[in-house]
Amino acid sequence: MAANDDVRDSVKKYYGKRLASSCDLQTGAASCGISSRPVPRSVTDALSQVHPEVLKRFLGCGLPFPAKLEACRVLDLGSGSGRDCFAFSKLVGPSGHVTGIDMTEELISAAQQYVEYHQEMFGYKEPNVTFVQGYMENLKEAGIESGSMDVVISNCVICLCPDKRAVLQQVYNVLKEGGELYFSDMYASKVIPDHLKQDAVLWGEGMSGSLFWKDFISLALNVGFSTPLLVSSSHIVVYNSELKAKAGDISYVSGTYRLFKLPKSLAMSSAAVTYKGTLADFPDQLDFDSYHSFKKDVAVEVGGEMATILKSSRFSVDFEIQMLDKQEVSSESSAEYCHLNPFFLADKLGSSVKQCSKTSK
């Protein structure tokens, strides 16, 4: 089961044929899409216009909708039923484009049936959503060009992939400079032991493939991304008694992180940044992640990496950025990134277990 091809085949069968809807999942992962942060009106409006049949087959574990997507080129990894893709279709507008990639033929076929419906719903002359069958470990083979995407989204599917490094490297390659990976996924409280990686249902539920959160931080940095920024987190309840027994003392969370592909030529130095209040959904305050919050017209000193993110990303026009004469030398290791621990944040936010629980089956 641990071989990559075996895992792929098992997950394909699990999601393509076994699961008719999110109600068939054996954890509360799909219910954890209820965000612990206020959801912008534009996102709730977009989601409310997604076809009910698409919503029924939604199997994600979070709400990965970053701000300022208008006119962006967005790639959704593991697009599944197409729920997020169709919501992004509304958010990027007619001048943007959304590509959904999934390895499961049944899900691609199901999603394609609703492209015209959403085109008409949003009043577009042409559809701005494309679905392709392929593997997120090899986006080039699926026709996704290097440096072609502004934002890459993923909703609880990287945990289903056995080769996380390949996925992150492929995402890094297809992003433009200043682009970001904004995604929700399942994370484990410790390293998953090898014997749990032999269980097909545990793989299908994302439990076998969940990364220990510290290993994710290290992997992202090794690939070349900026330090991951933790946006939100909530606990996941395993309500199936048999699977819960197999997991033992391993706990799971649904965590949303954002990572940026930064220009290598920019020297990092601290800066005083002032949010202009120019984002329609956030006129008074922009919560960039769980650690960085910017009030309108209030200058905030940030470190070199955050200053570089704001300066090189699509948010550059929304901030006044005054570089300070402070060169930074970071000595932090992944073990010291306590503020990036999704389990601590889930506890701090008081994420309701009831939101993620279902009746035992």
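Preceding block: the structure.
Cut-off values and rules
Residues numbered from 1 in each chain as written. Predicted model: local features only at pLDDT ≥ 70, side-chain atom pairs only at ≥ 80, totals over all residues. Heavy atoms only, no water. Buried < 20%, exposed > 50% of the residue type's maximum accessible area, 1.4 Å probe, protein only. Helix = DSSP H or I, 4+ residues; strand = E, 2+ residues; numbered from the N terminus. Pairing = 2+ DSSP bridges. Phe/Tyr/Trp six-rings, centres within 6.5 Å; stacked < 30°, edge-to-face > 60°. Lys NZ or Arg CZ within 6 Å of the ring centre and 35° of its normal. 1 Å grid on protein atoms, 1.4 Å probe; cavity = no way out; pocket = protein on both sides within 12 Å on 5 of 7 lines; lining within 4 Å. Points joined across faces, edges and corners; volume = space filled by probe spheres on them. Arc of directions from axis to C-beta. Contact = heavy atoms within 4.5 Å. Axes fitted to C-alpha atoms, helices over the stretch in contact; angles between N-to-C directions. Parallel < 35°, antiparallel > 145°, perpendicular 65-115°, else oblique. Left-handed = near helix turned anticlockwise from the far one by under 90°. Nonpolar A, V, L, I, M, F, W, Y, C, P; charged D, E, K, R; others polar.

Across the nine residues that make up strand S8 (residues 252-260), a large majority, nine, are buried. Burial along S8 is two-sided: the residues Tyr 252, Ser 254, Thr 256, Arg 258 and Phe 260 and Val 253, Gly 255, Tyr 257 and Leu 259 are all buried. Bridging between strand S5 (residues 175-188) and S8 involves nine bridges; their strand directions are antiparallel. The partner of Tyr 182 across the bridge, within S8, is Arg 258. As judged from the seven bridges shared by strand S7 (residues 229-236) and S8, these two strands associate in the antiparallel manner. Following the sheet pairing, His 235 is matched in S8 by Val 253.

On to the packing of aromatic side chains. Tallied over the entire structure, the rule returns 13 aromatic pairs. Measuring from centroid to centroid gives 4.6 Å for Phe 65 and Phe 88, while their planes differ by 40°, and the two rings are tilted. Pair noted here: Phe 65 is in the loop between helix H3 (52-56) and strand S1 (73-77) and Phe 88 is in helix H4 (residues 83-92), with a separation of 23 residues, a long-range link. Like Phe 88, Phe 65 is buried. Ring plane angle 55° and centroid distance 5.8 Å describe the contact between Phe 122 and Tyr 124, whose orientation is recorded as tilted. Of the two residues, Phe 122 and Tyr 124, neither departs from the other in class, the shared state being buried. Positioned above the aromatic ring of Phe 58 is the side chain of Arg 83, whose terminal nitrogen or guanidinium carbon lies 3.7 Å from the ring centre. One cation-aromatic arrangement involves Arg 258 over Phe 288; the distance from NZ or CZ to the ring centre is 4.2 Å.

Turning our eyes to something else, we now look at empty space enclosed by the protein. In this approach the atoms are scanned with a rolling probe the size of a water molecule, which exposes any empty space left behind. Applying the stated criterion to the full structure yields six cavities of 30 Å³ or more. In this structure, the largest cavity occupies an estimated 400 Å³ of space. Considering the residues around the largest cavity, the lining is formed by 30 residues, among which Gly 78, Gly 80, Asp 102, Val 157 and Leu 160 are closest to the centre. Considering every element that reaches the lining of the largest cavity, the biggest residue donor is helix H1 (residues 4-18), with three residues.

What follows deals with unusual backbone geometry. Phi angles above zero are rare outside glycine, and Lys 68 is one such case at about 60°. Structurally, Lys 68 can be placed in the loop between H3 and S1. Despite not being glycine, Asp 297 shows a phi value in the positive range, around 65°. Turning to its location among the elements, Asp 297 is positioned in the loop between strand S11 (293-295) and strand S12 (299-302).

Now for helix H2 (residues 41-48). If you check which residues of H2 are buried, you get Val 43, Ala 46 and Leu 47. For H2, the arc enclosing every buried residue in end-on projection is 95°, short of the 170-degree limit, so these residues lie on one face. Turned more than 90 degrees away from the buried face of H2 sit Arg 41 and Ser 48, all of them exposed. Buried residues along H2 sit in contact with H3 and H4.

Our next topic: helix H5 (residues 105-112). Taken together, the buried positions of H5 are Leu 107, Ile 108, Ala 110 and Ala 111. Axial view of H5: buried residues confined to an arc of 165°, hence all on one face.

It is worth spelling out the packing of helix H7 (residues 164-174) against helix H9 (residues 213-223) at this point. Viewed as axis vectors pointing N to C, H7 and H9 meet at an angle of 45°, and their least axial separation amounts to 10 Å. The angle between H7 and H9 places the two elements in the oblique class. For the element pair H7 and H9, the recorded crossing hand is right-handed. Where H7 abuts H9, its residues Lys 164, Arg 165, Leu 168, Gln 169 and Tyr 172 lie against Leu 219, Ala 220, Asn 222 and Val 223. When grouped by side-chain class, the residues that make up the contact of H7 with H9 number five nonpolar, two polar and two charged.

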